[in-house]
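Results of the structural survey
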Amino acid sequence: MTNPNDSPNRGRYRFQAGKPIDPNSEIDAESVSCVPNSPQELISMQENKSDYPEKTERQRSEKVKEIMELIDKLDTSPLDDQQIAIALISSLEQYHDGIVDQMCDDSDAKHSQIVSWAVDADRLMRCRHMLSSVDLE
């Protein structure tokens, strides 16, 4: 079985306005159009939000609880924390891209599954871009 992270075409299935986008490019203007420019704008956006039901709290596995406790004990700077988060998200994004590539080559793969993995990879890419754009220095 091939490693999903080894694919040379990672992220090439993403499109914006009918054109392929580079997952390593800077954040596009459309995706930041609703991002607040100040804490006051964020507070205003939160005050004007519609009423959505709260999500139920998921039960964390023992492994996740252990990792969260270890993270709480770390003595890192905000910049270190940001770099750790970006590395983790990048790894997950590459994994998702690899799965999509594998499923695209598999004639038995379900199209709905390909779409689900692709959407998750796209969300991870946008999350990585957003985290990378935060200036902590």
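As a reminder, the structure under discussion sits directly above these lines.
All residue numbers refer to positions counted from 1 along the written sequence of the respective chain. Totals for whole chains, interfaces and linings use all residues, but because this is a predicted model, local features are given only for residues with pLDDT of at least 70 and pairs of side-chain atoms are given and counted only at 80 or more. Computation of side-chain values: all heavy atoms of the structure, hydrogens and water removed.

**Some remarks on the overall build of the protein chain**
Inclusion rule: In DSSP terms, a helix is any run of H or I states spanning at least four residues, a strand is any run of E spanning at least two, and both are numbered starting from the N terminus. Note on exposure labels: buried denotes an accessible area under 20% of the residue type's maximum, exposed denotes more than 50%, and partly exposed covers the range between, all computed with a 1.4 Å probe on protein chains only. Any two residues having at least one pair of non-hydrogen atoms within 4.5 Å are treated as being in contact. Where accessible areas are quoted, they stem from the Shrake-Rupley method and a 1.4 Å probe; at the residue level, only the protein chains shown are allowed to cover.
For the protein chain, the count of helices and strands is four helices and two strands. Moving toward the C terminus, one meets the helices and strands of the protein chain in the order β-β-α-α-α-α. For the protein chain, the proportion of its 137 residues judged to be buried stands at 20%. Here the analysis covers contacts within the protein chain between residues at least 6 apart in sequence; of these, 71% occur between residues at least 24 apart. With an accessible surface of roughly 11,100 Å², the protein chain has 54% of that area assigned to carbon and sulfur atoms.

**What about a nonpolar patch on the surface?**
For clarity, the cut-off: Patch membership is restricted to residues that have no salt bridge and whose relative accessible area is over 30%. Joining uses 9 Å for like charges and 5 Å for the nonpolar side chains Val, Leu, Ile, Met, Phe, Trp and Tyr. Put simply, a salt bridge is a Lys or Arg side-chain nitrogen that is within 4 Å of an Asp or Glu carboxyl oxygen.
On the surface, a nonpolar cluster with roughly 590 Å² of combined accessible area is contributed by Val64, Ile67, Met68, Ile71, Leu74, Ile84 and Leu88. Among the elements of the structure, α2 (62–73) and α3 (78–105) are those that each provide at least two residues to the nonpolar patch. Here Ile71 lies in helix α2. Overall, Ile71 belongs to the partly exposed group, its relative accessible area being 44%.

**Side note on the packing of α3 against helix α4 (residues 111–133)**
So the rule is basically this: Structural elements are reduced to axes, namely lines fitted to C-alpha atoms, with helices fitted over the stretch in contact, and the angle between N-to-C directions of any two is expressed from 0 to 180 degrees. An angle below 35 degrees is read as roughly parallel, one above 145 as roughly antiparallel, one from 65 to 115 as roughly perpendicular, and any other as oblique. Each helix crossing is assigned a hand: it is left-handed if the near helix lies turned anticlockwise from the far helix by less than a right angle, otherwise right-handed if that turn is clockwise. Only Asp, Glu, Lys and Arg are considered charged in this grouping, and only Ala, Val, Leu, Ile, Met, Phe, Trp, Tyr, Cys and Pro are considered nonpolar; every other residue, Gly among them, is considered polar.
Packing of α3 against α4 leaves a shortest axis separation of 9 Å and a crossing angle of 155°. Relative to α4, the element α3 is oriented roughly antiparallel. Along this stretch, α3 crosses α4, giving a crossing that reads as left-handed. A per-class count over the contact of α3 with α4 returns 17 nonpolar, five polar and four charged.

**Quick word on the environment of Val134**
With respect to the helices, strands and loops of the structure, Val134 is situated in the segment after α4. Remark: the alpha-carbon pair of Val134 and Gln82, spanning 52 residues in sequence, is separated by 8.6 Å.

**What to know about the nonpolar core**
Test applied: Side-chain atoms within 4.5 Å link the members of a nonpolar core, which is a set of buried Ala, Val, Leu, Ile, Met, Phe, Trp, Tyr and Cys residues.
Core analysis: the biggest nonpolar cluster contains six residues, these being Ile99, Val100, Met103, Ala109, Ile114 and Ala118. Contributing elements (two or more residues each) for this core: α3 and α4. Considering every element that reaches this core, the biggest residue donor is α3, with three residues.

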